[in-house]
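# A look at the structure
These are the residues of each chain, in order.
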Amino acid sequence: MEITALRRKIAAKEATVGVIGLGYVGLPVAATLARAGFSVTGVDLQKERVGLINAGICPIHGHEPGLAELLAQVVRAGQLQATTDYAPLTAADVVLINVETPVDANHQPRYTALKAACHSLGAVLQPGALVIVESTIAPGTMASVVRPLLEATSGRKMGVDFFLGTCPERVMPGKLLANLREMSRVCGGDSPATAATMVALYRHIVDADLDEADMVTAELVKTAENAYRDVQIAFANEVALICAAVGADVWRVRELVNKSPGRHMLLPGAGVGGHCIPKDPWLLAYGGRERVTARLLPAARAVNEAMPYHMAELLAAALADAGISLSTARVTILGYAYLENSDDTRNSPSSVLAPHLQAQGARVIIHDPWVAPYQGDVWDALAGSDAAVLMVAHDEYRALSPARLATTLRAPVLVDGRHIFDPQAARDAGLIFRGVGIG
C-alpha cells in the first residue's frame, strides 16, 4: 500500500491501529483513537494490565479526568481490545510505539523495551504500514536504532515497503486526555508525504497545531523542550538556595522578578521527578555527544538532583532546633508520587529522600493518598512523628491544618518542599518551620 492510499484509509477511519505499550501515554492515545472511530488493538506485556483494560477498568489511578469513563466506553463498544500478543498487529495499518526509554546510571539511553518492541513488530509488520514512535528518544535514534531494527526483522525497506515517523508525546499525569487534545505535536516523518499522513491521523484526536518535520527535528524538539524546563527549574532552585543563604524569601524575589517583561522564573522545590525531565536532558546531550560536550545540561541536572538532599539538610537543622538528632527521629514524608494528585512514582524525589534519611538512622513513615502502599489516614501517619516533610502538593495536604499539625507531631517540625504552607502561619501555630528558599 502506498502512503497516499494509507492517507485515504485514515481519512475514512478505515485504517486499523495498533498501540504498543498501554501505560500513561499509550492507553490514552489508544482510547482516544478508538473514540474517534478507529479499530484499535493495544499490546502490553503486563497480563494484569491487559486483563483490566479488556474488562473496561482503567489501570491508571490518580486524578485523570475522563479517562476511566472513556476506556469503559470504547471497550464496551468493541473499538479497543488489549493483548500480550503481537500477532494481531499483522492487520495493523498504523502502529504507535509507546514504551519506556530510560537512561542508565551513566546517563546513556537504555533502549531495551524499544528494541524489543521493534524486533517483535518487525516480525509481523504488514507491507505499507506506518510505524510511529511516540516515546521520547535521543536525536538520531530513529535513524540508528529504529529503522535498522525494523528493516532487519521485517525484511522490508523504509520508504518503500513501510513508512516510519516519530511524534513524541506531550502529556503529563493528571492531564492525559486534555494534553493529548490541546497540546501541539511535531510529526517527523521519513518523507514529507509520511509527515503529512501522520498529521492526517493525529488531526482526528488533536485540536492544536500539528507541525510537519523530519524525524531528527521531531526528536530534537521533544528533548530540547524538556531540557529547557529542567534548566529553568534548576535556575529557580539555585536562586532559592542563595535566597536562603542570605536570609531572603525566594517567593517574594520570584514575584518581583516576574514583574519584569519577558521574565518567568519557575517554582523552586524539593526535586524534579517524572518520566521525562530527569532523563530527557541526557538524551539531548547524548544525541550530540560526538561533537559537543554538554556543560549546561549536566549542571542543571546536578542542581535538581541535589534538592532531596537539601530537604534532608533543612530537616536536620529544624530537628536540631527542637533538640532532636536526625539519627533518632521519626519522620513522616508526605507524598511519594512525583506530581500532585497522581499515583506516578517514576523518579520521585521522595524515592531519593526516604533511603537517605534511613541511612542516617531516621525512622521513616511514608504517606501518599494516591500511591497504594502508602495510603491511609494522614493523621495516623503523622501521629507520634517528630517531623513532617512535605514533598508533594497533593490537595489533601493543602487542606492540612497547621494548628492540628502542631498538636499531632511530637517535636513539632514541618519542612515544606512545595510552598503550600504560609511560613508565618505555621510558626504562629507553634511549628518549627523550614521551607525551600526561605531564610
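In this report, we go over the structure that sits alongside the text. Owing to the predicted nature of the structure, the values given are computational and were not obtained by experimental measurement.

Parameters at a glance
- Residues numbered from 1 in each chain as written.
- Predicted model: local features only at pLDDT ≥ 70, side-chain atom pairs only at ≥ 80, totals over all residues.
- Heavy atoms only, no water.
- Buried < 20%, exposed > 50% of the residue type's maximum accessible area, 1.4 Å probe, protein only.
- Helix = DSSP H or I, 4+ residues; strand = E, 2+ residues; numbered from the N terminus.
- Pairing = 2+ DSSP bridges.
- Right-handed = clockwise from strand over helix to strand, strands pointing away.
- Salt bridge = Lys/Arg side-chain N within 4 Å of Asp/Glu carboxyl O.
- Axes fitted to C-alpha atoms, helices over the stretch in contact; angles between N-to-C directions.

## Remarks on the pairing of strand β4 (residues 94-97)
Because side chains alternate across β4, one face comprises the buried residues Val94 and Leu96, and the other comprises Val95 and Ile97, equally buried. In terms of strand pairing, strand β1 (residues 16-20) meets β4 through four bridges, oriented parallel. If you follow Gly18 over to β4, its bridge partner there is Val95. For β4 and strand β5 (residues 130-133), the ladder comprises four bridges, and the chain directions are parallel. The residue of β5 that forms the bridge with Val94 is Leu130. Read from β4 through helix α5 (residues 112-122) to β5, the crossover connection turns out right-handed.

## What to know about the pattern of salt bridges
According to the stated counting rule, one finds 14 salt bridges in the structure shown. Of the charged contacts, one joins Arg434 and Asp321 as a salt bridge, the two residues approaching to 2.4 Å between their closest N and O atoms. One end of the pair, Arg434, is in strand β13 (residues 432-435); the other, Asp321, is in helix α13 (residues 307-321), with 113 residues separating them in the sequence. The shortest N-O distance in the salt bridge between Asp344 and Arg346 comes to 2.7 Å. What makes Asp344 buried here is its relative accessible area of 1%. Shared partners join several salt bridges into a network, and the residues in it are Asp230, Arg301 and Glu305.

## A closer look at the sheet that holds strand β9 (residues 330-334)
Whether parallel or antiparallel, the strands of a sheet pair through hydrogen bonds between backbone atoms. Read from one edge of the open sheet, five strands run β10-β9-β11-β12-β13, paired in parallel fashion. Only two strands of the sheet have a single partner each, and these edge strands are β10 (363-367) and β13. Sheet twist, expressed as the average angle between the axes of neighbouring strands with direction ignored, equals 20 degrees.

## Structural notes on unusual backbone geometry
Between Ala411 and Pro412 the backbone carries a cis peptide bond, its omega angle lying at -5 degrees. Residue placement: Pro412 occurs in the loop between α17 (402-408) and β12 (413-416). The phi angle at Asn347 is positive, at roughly 55 degrees, despite the residue not being glycine. Note on placement: Asn347 falls in the loop between β9 and α14 (350-359).

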